[in-house]
Amino acid sequence: MRTRRSLTALLFLATLTFSNAQDIPVDYKLGENYSDRYKYSTVLAIDRSVKEQTVLVRTYYGGMPLRAKGHFIEVYDTELNLVADYNYKYAGKHMVDGFVKNGQLYLLELVYDHKDEAYNYVVHQSPLDEFNFTERKLLSIPSKEVINPLAVSKYNQKFGNGFSTATHFNDDRSAFAVTVHHREGKEEKYHIYLYGTDLKLQLDYDFSANIEEKNYAFENIEVSKDLKELYLMGKAFFKKRRFDVKERRFQYELVRITQDGYKTQEFADAGRFSESLKPVLSGNDMKVVGFYADRKDNRYNGLVYFNLDANSLAIKAKKYNPFSDQFMLDKFGREVDAEIKNLIFKSVHITPNNDILFSAEEYFVTAGQDIGSGATKKVDRFHYNDIVLAKLNASGAMEWARNINKAEVTQGDASYASYTAYGEGEDMYFFINSGENPQKMSKERILFKQGFSRNPNMFVIKVDGSGDLSYKKLIDDKDVRLPIMVSRPFIDDASDHLLFYAKRGTKKQLVEVTVK
């Protein structure tokens, strides 16, 4: 995705209040600064055990050019002390994710078996009290080998890759769905599987008949508490239908799968193009929130709300909430033909009054050139800009919408960019990295900007139930001399704790944040 300009102004529907508040009820404590043997690594997973230990799994790299060499596992106690570590000297080609369940660590990998000519989902399993990994096959799909089996095309009218798969965890990470699109002879096949994190297969559904007219690219899931109902939300791309120039080639659909079959709900109101939809299961209701546009080019005009019957998927109520003229003026000033676009869903929080706090981030990619070692090479730059937050009441009407001005760009590990959102009661908290001081844009507007320092500060921004914003610098770069992976924490909702990992080079440290 690309955009011609960065969205760097404040948007809202309520009276603007953005104060530098020191009374935000958020505090932190630091773990010890440890030496680390692996200079180059990325976080694969972070989870917590039944003993309240934090388990962190990193993929480490070496050689020239850098390539994965193995996985380093760290176990921390509740006081942030490193109590155990283990070097699992297995890199794998397609490590998908990791999680902890019943005292066991599981690493999920996609592997191609040349002998059987099949893609296998393989589980690497070890007890946490004495590391000793074993492997077992979870799922096998006959296929020819392809270049990137995890590449899912959201806009490809024809399925030419031969094999494509994706894994989606639900929000509380109690289950995950595996979708597999592959060829069987001359026929296309599409299967959907649901597993609990105990690795028991809950659902196995052949979705092949549904892809004759459409290609599906699911974006997120919701699962019932008993793991017997799976909901998948995503784009359905039409293969054969003829389109008017004003029509879009895909639509959002929600698919419900049980042992008895499937049901589908389309979101395709004439002249309204839904975007970035998120399903939220609430009792017997399925709430769906997101954005909408009045034309097909992703220029958002407001927020949309649907209330569905969770069993039949029948729409019981819907509400399109347009951005007001004042909203647009406050975001863009007096700029003409301003656009709101490139917003990606990030988080949703249901308040005690069943109001919905919905946040998204402006994200896009630009192409550039990097000059190094006497050579010029093409690179992608990933932009993480403004945060949009809106409050919908229990009936779906928008009470207010706010924007947090932010500008970040990275070519490397995205864990240090973007943000983490955490909802508590009627309030929403955002944790971001930023330079020393936010940039003042006008009397009422400020911009959190990526600084030139290699140790950005962590800020916390609070948005209360009325839509008023306040912020403070939570952690100074003089206190934590390592950059914090601000978008990859472990979140413990029960205790209102968030655990962040700080890492650079051969040094590492844990940071625990508490919302009081």
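Quick caveat, the model's predicted, so the values are computed rather than measured. The residue numbers shown here count from 1 along each chain, following its written sequence. The predicted origin of the model limits local features to residues at a pLDDT of at least 70 and limits the giving and counting of side-chain atom pairs to 80 or more, whereas totals for whole chains, interfaces and linings rest on all residues. Note that water and hydrogens are dropped before the side-chain values are worked out from all heavy atoms of the structure.

A. Region of interest: the overall build of the protein chain. Helix and strand definitions here come from DSSP, where helices need a minimum of 4 consecutive H or I residues and strands a minimum of 2 consecutive E residues; each element is numbered from the N-terminal end. Check the secondary structure of the protein chain and you find one helix and 37 strands. Taking all contacts inside the protein chain whose residues are at least 6 apart in sequence as the whole, residues at least 24 apart take part in 52%. Surface exposure of the protein chain reaches about 23600 Å², of which carbon and sulfur atoms provide 45%. Only heavy atoms enter the contact rule, under which two residues are in contact if any of them lie within 4.5 Å. Working definition of accessibility: Shrake-Rupley area with a 1.4 Å probe, residue cover restricted to the visible protein chains.

B. Broad picture of the sheet that holds strand S6 (residues 67-76). Ordered in space as S4-S5-S6-S7, the four strands form an open sheet in which the pairing is antiparallel. With partners counted over all chains shown, the strands left at the sheet margins are strand S4 (41-48) and strand S7 (82-88), one partner each. Each strand axis lies, on average, 20 degrees off the axis of its neighbour in the sheet, ignoring direction. What makes two strands pair is DSSP finding at least two bridges between them. As paired elements, strand S5 (residues 54-62) and S6 share nine bridges and run antiparallel to each other. Counterpart to Tyr-61 in the pairing with S6 is Ala-68. Helix axes are fitted only over the stretch in contact, all axes being lines through C-alpha atoms; the angle between N-to-C directions runs from 0 to 180 degrees.

C. Highlighting the sheet that holds strand S16 (residues 214-223). Read across the open sheet, the four strands follow the order S16-S17-S18-S19; overall the sheet is antiparallel. Both edges of this open sheet fall to S16 and strand S19 (261-267), since each of them pairs with a single strand only. Mean inter-strand twist for the sheet, computed between neighbouring axes without regard to direction, equals 25 degrees. The sheet contact formed by strand S18 (residues 250-258) and S19 spans seven bridges and is antiparallel. Each residue of the ladder has a partner; that of Tyr-252, found in S19, is Phe-267.

D. Representation of the layout of surface pockets within the structure. In this model, the second largest pocket occupies a volume close to 790 Å³. Lining the second largest pocket we find 24 residues, and of these Thr-410, Asp-413, Tyr-416, Arg-454 and Pro-483 sit closest to its centre. Elements represented by at least two residues in the lining of the second largest pocket include exactly S4, strand S28 (406-410), strand S30 (427-434) and strand S36 (497-504). The biggest single contributor to the lining of the second largest pocket is S28, with three residues. The residue inventory of the lining of the second largest pocket, partitioned by class, reads six nonpolar, eleven polar and seven charged. Using a 1 Å grid laid over the protein atoms alone, points where a 1.4 Å probe fits but cannot get out form a cavity; open sets with protein on both sides within 12 Å along at least 5 of 7 lines form a pocket; any residue with an atom within 4 Å of a point counts as lining. Grid points are joined across faces, edges and corners, and a volume is the space filled by probe spheres set on the points. Three residue categories are used. Nonpolar comprises Ala, Val, Leu, Ile, Met, Phe, Trp, Tyr, Cys and Pro, charged comprises Asp, Glu, Lys and Arg, and polar comprises the others, including Gly.

E. Representation of the environment of Tyr-384 in the model. Topologically, Tyr-384 is positioned in strand S26 (residues 375-392). A simple rule labels every residue: compare its accessible area, found with a 1.4 Å probe on the protein chains alone, to the largest value its type can have, and call it buried under 20%, exposed over 50%, or partly exposed in between. Note on Tyr-384: relative accessible area 11%, which makes it buried. Through-space distance from the C-alpha of Tyr-384 to that of Tyr-419 is 8.8 Å; in sequence the pair is 35 residues apart. Excluding residues within four positions of it along the chain, Tyr-384 makes contact with Glu-361, Glu-362, Tyr-363, Lys-406, Ala-407, Glu-408, Thr-410, Ala-414, Ala-417 and Ser-418.

F. Geometry of the nonpolar core. Within the largest apolar cluster, 20 residues are counted, with the highest numbers of intra-cluster contacts made by Tyr-121, Leu-138, Leu-139, Phe-163, Phe-176, Val-178 and Leu-199. Of all the secondary structure elements, the ones that give two or more residues to this core are strand S9 (104-113), strand S10 (118-127), strand S11 (134-142), strand S12 (163-169), strand S13 (175-184) and strand S14 (187-196). The contacts of Leu-199, once residues within four sequence positions are left out, are Phe-99, Tyr-106, Val-123, Arg-136, Leu-138 and Phe-176. Here, nonpolar core refers to any group of buried Ala, Val, Leu, Ile, Met, Phe, Trp, Tyr and Cys residues whose side-chain atoms link them within 4.5 Å.

G. Quick look at the packing of aromatic side chains. Here the aromatic set is Phe, Tyr and Trp, taking the six-membered ring for Trp, and pairing holds for ring centres within 6.5 Å; pairs whose planes are under 30 degrees apart are stacked, those over 60 apart are edge-to-face, and all others are tilted. This model, assessed by the stated rule, comprises 34 aromatic pairs. Grouping aromatic residues by their ring pairs yields a cluster made of Tyr-190, Tyr-205, Phe-207, Tyr-216, Phe-218 and Tyr-262. Lying across the ring of Tyr-320, Arg-272 places its NZ or CZ 4.4 Å from the centre. Put simply, a charge is over a ring when the Lys NZ or the Arg CZ is close to the ring centre, within 6 Å, and near the line of the ring normal, within 35 degrees. Geometry around Tyr-419 places Lys-346 over its ring, the cationic atom sitting 5.1 Å from the centre.

H. Structural context of the pattern of salt bridges. By definition here, a salt bridge exists when the distance from a side-chain nitrogen of Lys or Arg to a carboxyl oxygen of Asp or Glu is within 4 Å. Tallied over the entire structure, the rule returns 28 salt bridges. A salt bridge links Lys-516 to Asp-27; its shortest N-O distance comes to 3.6 Å. Of this pair, Lys-516 sits in the segment after strand S37 (507-515) while Asp-27 sits in strand S2 (residues 26-30), and the two are 489 residues apart along the sequence. Accessibility expressed as a relative area gives 66% for Lys-516, which makes it exposed.

I. Structural view of unusual backbone geometry. Omega for the bond connecting Met-64 with Pro-65 falls within 30 degrees of zero, at 0 degrees, which places this linkage in the cis form. Its identity as a non-glycine residue notwithstanding, Leu-80 has a phi of 70 degrees, on the positive side. In this structure, Leu-80 sits in the loop between S6 and S7. Judged by relative accessible area, which is 2%, Leu-80 ranks as buried. Even without being a glycine, Asn-102 presents a positive backbone phi close to 50 degrees. Turning to its location among the elements, Asn-102 is positioned in the loop between strand S8 (95-101) and S9. Of the residues examined, Asn-102 reaches a relative accessible area of 59% and is grouped as exposed.

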